[in-house]
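Below, each chain spelled out in residue letters.
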Amino acid sequence: DAGITQSPRHKVTETGTPVTLRCHQTENHRYMYWYRQDPGHGLRLIHYSYGVKDTDKGEVSDGYSVSRSKTEDFLLTLESATSSQTSVYFCAIRPMNTGELFFGEGSRLTVL
Amino acid sequence: GQQVMQIPQYQHVQEGEDFTTYCNSSTTLSNIQWYKQRPGGHPVFLIQLVKSGEVKKQKRLTFQFGEAKKNSSLHITATQTTDVGTYFCCGGGGADGLTFGKGTHLIIQP
């Protein structure tokens, strides 16, 4: 197993509430990513991180922020959740020497 | 930005038939990766191709990278029920993540 866990795995919330998803890794990899997966859209990159306090936006970053204060944790925050953010969110890590992505098991978020 | 198109979106096959999914990029890729996602699961890395014209095999799966490094294919010979899932290609290479195709859903009828 890749040593990557996401929490919570399932969450139901109401429009306008803040939500934070956590990605935790035990592999000490620098690169971490947040993707969202929606039917008909595949996997779309939200934000990524090169290392502690070093993050950048992906193609669908509007409405999301991230933080990485420790190598092992990458947090995704929805400041004010909207129904369009109902999705399955996947965190991934990437070893520098091999290049492939290792995904967490996903967090299913429903915004009512 | 870079776009990766994948076809078909859905493919129904009888068990034992072959299956192919195709991936095309709007730009030249440094490499291409393939992932498989079982229903309800998370994407799992299958393989990475780097060289122009490269062909790699994993048992019944054959992966090809085009000569111009702008297209790729995944071919499964004699599909089995364990092959069910969604297959994604993914192009790119830099630290800014990888651009995924929308995936091909493989549905197998026994």
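This text gives an overview of the structure that appears in the document. (Residues numbered from 1 in each chain as written. Chains lettered and ligands numbered in written order. Predicted model: local features only at pLDDT ≥ 70, side-chain atom pairs only at ≥ 80, totals over all residues. Heavy atoms only, no water.)

Moving on, we get to the sheet that holds strand S1 (residues 4-7) of chain A. Residue and element names in this part refer to chain A. Spatial strand order, S1-S3-S8-S7: 4 strands in an open sheet with antiparallel pairing. Both edges of this open sheet fall to S1 and strand S7 (65-70), since each of them pairs with a single strand only. When strand polarity is set aside, the average angle formed by the axes of neighbouring strands in this sheet is 20°. As defined by bridge partners, S7 adjoins strand S8 (residues 73-78) across 4 bridges and the pair is classed as antiparallel. When the bridges of S8 are listed, Ser67 appears paired with Leu75. (Pairing = 2+ DSSP bridges. Helix = DSSP H or I, 4+ residues; strand = E, 2+ residues; numbered from the N terminus. Axes fitted to C-alpha atoms, helices over the stretch in contact; angles between N-to-C directions.)

All right, on to the interface of chain A and chain B then. By a widely used convention, the size of an interface equals the accessible area lost when the partners come together. Taken together, the contact pairs 20 residues of chain A with 19 residues of chain B. In total, chain A and chain B occlude about 1500 Å² of area from one another, counting both sides; carbon and sulfur atoms represent 58% of this. For the chain A face of the interface with chain B, the top three residues by lost area are Leu43(A), Arg94(A) and Phe103(A), together amounting to 30%. At the junction of chain A with chain B, the criterion picks out 0 salt bridges. Across the contact surface, chain A and chain B share 4 residue pairs in polar contact (both at pLDDT 80 or more). For the side of chain A that touches chain B, the elements supplying multiple residues, two or more each, are strand S4 (31-38), strand S5 (42-51) and strand S9 (87-94) of chain A. (Contact = heavy atoms within 4.5 Å. Buried area = accessible area lost by both parts, 1.4 Å probe. Salt bridge = Lys/Arg side-chain N within 4 Å of Asp/Glu carboxyl O. Polar contact = N/O pair within 3.5 Å; in protein donor to acceptor, adjacent residues only side chain to side chain.)

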